[in-house]
Amino acid sequence: MSSTHFGFETVDERDKARRVRGVFDSVAPRYDLMNDLMSLGLHRAWKAYTVLVANLQPGQQVLDIAGGTGDLAMAFARKVGATGRVVHTDINEAMLRTGRDRLLDAGLALPTLVCDAEKLPFADNHFDLVSVAFGLRNMTHKDAALAEMNRVLRPGGKLLVLEFSRVAAPLQRAYDWYSFKVLPQLGRAVAGDADSYRYLAESIRMHPGQEELKTLMKNAGFGHVDYHNLTGGVVALHVGIKC
Ligand SMILES: C[S@@+](CC[C@H](N)C(=O)[O-])C[C@H]1O[C@@H](n2cnc3c(N)ncnc32)[C@H](O)[C@@H]1O
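Conventions adopted
Residues numbered from 1 in each chain as written. Predicted model: local features only at pLDDT ≥ 70, side-chain atom pairs only at ≥ 80, totals over all residues. Heavy atoms only, no water. Near = heavy atom within 4 Å. Polar contact = N/O pair within 3.5 Å; in protein donor to acceptor, adjacent residues only side chain to side chain. Areas by Shrake-Rupley, 256 points an atom, 1.4 Å probe, with all protein chains shown as cover. Nonpolar A, V, L, I, M, F, W, Y, C, P; charged D, E, K, R; others polar. Salt bridge = Lys/Arg side-chain N within 4 Å of Asp/Glu carboxyl O. Helix = DSSP H or I, 4+ residues; strand = E, 2+ residues; numbered from the N terminus. Contact = heavy atoms within 4.5 Å. Buried < 20%, exposed > 50% of the residue type's maximum accessible area, 1.4 Å probe, protein only. Pairing = 2+ DSSP bridges. Right-handed = clockwise from strand over helix to strand, strands pointing away. Axes fitted to C-alpha atoms, helices over the stretch in contact; angles between N-to-C directions. Phe/Tyr/Trp six-rings, centres within 6.5 Å; stacked < 30°, edge-to-face > 60°. Core = buried A, V, L, I, M, F, W, Y, C linked by side-chain atoms within 4.5 Å.

### A word on the site of the ligand
Now for step 1: As a structural note, the neighbourhood of the ligand is formed by 20 residues, with Tyr31, Ala66, Asp90, Ala117 and Ala133 the closest of them.
Now for step 2: One of the side-chain N or O atoms of Lys47 is found 3.0 Å from an oxygen atom in the ligand.
Now for step 3: Across the complex, the protein chains shield 95% of the 590 Å² of accessible surface that the ligand would expose by itself.
Now for step 4: The class makeup of the residues in the shell around the ligand is 11 nonpolar, six polar and three charged.

Below, the structure is given as structure tokens:
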């Protein structure tokens, strides 16, 4: 039996995906409101920066993995226009349904697919851009998921990984206090679920830091990898190019 982390808990590898599904089934209805509250709206700026770095052109093919309620898919769809295509995917049906409804309300009917990032149902060398925002942290085999992202990208294509990372040392104490004291209380008050937001804080601590993730991406086959720290390293945007 192999074990892995679910937050600070050590669990059987076969159990992690089920536990993660429980978290996102629970938070899906209040996910967008909670995102705005707990990041004080900053997630919008982090995503806007990701869209800028994506530098998409009309007609391009994009895959958004762990796309959840569809923020990035919506912004990307506007960039690639009617001649391009954005595929909106997630392993969790509740998150994906919420996202699909939002996209339809915004006048965007995108191909929407339940799929596991570790086994992507797409051909090799297809997409110009693959993105995963705040999703990689939740995956059991990050190496397998990154290798799949590399496989479906065309040579020269770009992977964008937006994820919580290691904060700069001067911010550490305040960030820990906020994560472990404020976040679960906010989760309890707004979403009726403290545990899922405790998992969020713990999973961030267990996720590879900036340099470690860069190495994972290189090992998965990305020829060039760089990262941009945002908000003092609270979040990092890793950019991988398939060479
Ligand atoms: C924090 S949400 C991020 C949603 C959206 N990308 C955003 O930035 O708002 C994380 C998402 O990762 C998805 N996820 C977790 N494990 C996954 C996997 N193995 N494959 C695909 N999606 C996964 C969850 O279902 C959840 O919707």
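Still more to cover.
### Examining the pattern of salt bridges
Now for step 1: Enumeration according to the criterion identifies 16 salt bridges in this entry.
Now for step 2: The shortest N-O distance in the salt bridge between Arg102 and Asp71 comes to 2.8 Å. Within this pair, whereas Arg102 is found in helix 5 (residues 93–105), its partner Asp71 is found in helix 4 (residues 71–80), the two being separated by 31 residues in sequence.
Now for step 3: Measuring nitrogen to oxygen at the nearest pair gives 3.6 Å for the salt bridge that ties Lys119 to Asp116.
Now for step 4: Residues participating in the shared-partner salt-bridge network are Asp32, Lys47, Asp71 and Arg102.

### Regarding the side chain of Gln60
Now for step 1: Turning to its location among the elements, Gln60 is positioned in the loop between helix 3 (42–54) and strand 3 (61–65).
Now for step 2: Among the polar contacts made by the side chain of Gln60, one reaches the main-chain amide nitrogen of Gln57 at a distance of 2.9 Å.
Now for step 3: Not counting residues up to four positions away in its chain, the partners in contact with Gln60 are Asn55, Val80, Gly84, Arg85, Asp128 and Arg154.

### Some thoughts on the pairing of strand 3
Now for step 1: In terms of residue burial, strand 3 counts as a mostly covered element, since five of its five residues are buried.
Now for step 2: Neither face of strand 3 is open: one carries Gln61, Leu63 and Ile65, the other Val62 and Asp64, and all of them are buried.
Now for step 3: Across four bridges, the pairing between strand 3 and strand 4 (residues 85–90) is parallel. Across the sheet, Leu63 pairs through a bridge with Val87, a residue of strand 4.
Now for step 4: This β-α-β element, strand 3 to helix 4 to strand 4, shows right-handed connectivity.
Now for step 5: As paired elements, strand 3 and strand 6 (residues 127–133) share four bridges and run parallel to each other. Bridging from a neighbouring strand, Asp64 pairs with Ser131 of strand 6.

### Description of the sheet that holds strand 6
Now for step 1: What the seven strands build is an open sheet, ordered 5-4-3-6-7-9-8; its pairing is mixed. The strands lining the two open edges of the sheet, one partner per strand, are strand 5 (112–114) and strand 8 (224–230). Strand-to-strand twist of the sheet, defined as the mean angle between neighbouring strand axes without regard to direction, takes the value 15°.
Now for step 2: The strands touched by helix 3 within the sheet are strand 6, strand 7 (153–164), strand 8 and strand 9 (235–241), with strand 7 carrying the most contacts at an inclination of about 165°.

### Remarks on the packing of aromatic side chains
Now for step 1: Per the counting criterion, the structure on display carries six aromatic pairs.
Now for step 2: When the centroid spacing of 4.4 Å and the interplanar angle of 15° are considered together, the rings of Phe6 and Tyr199 count as stacked. Of this pair, Phe6 sits in strand 1 (residues 3–6) while Tyr199 is found in helix 8 (residues 194–206), placing the two residues 193 residues apart along the sequence. Judged on exposure class, the residue Phe6 and its partner Tyr199 are both buried.
Now for step 3: Taking 4.8 Å as the distance between ring centres and 45° as the angle between the ring planes, the aromatic pair formed by Phe134 and Phe164 counts as tilted. Highlighted residues: Phe134 in the loop between strand 6 and helix 6 (142–152) and Phe164 in strand 7, separated in sequence by 30 residues. Here Phe134 and Phe164 have matching classes, each one buried.
Now for step 4: Connected via pairs of aromatic rings, a cluster forms that spans Trp46, Phe134 and Phe164.

### Quick word on the nonpolar core
Now for step 1: With 47 residues, the main nonpolar core has Trp46, Phe76, Val86, Leu162, Phe164 and Val235 as its most contacted residues.
Now for step 2: Here the element with the most residues in this core is helix 4; it accounts for six residues.
Now for step 3: Leaving out residues up to four positions away in the same chain, Trp46 has contacts with Ser39, Phe134, Leu162, Phe164, Leu230, Thr231, Val234 and Val235.
Now for step 4: Counting 24 residues, the second largest nonpolar core, distinct from the first, contains Leu63, Val130, Leu136 and Ala145.

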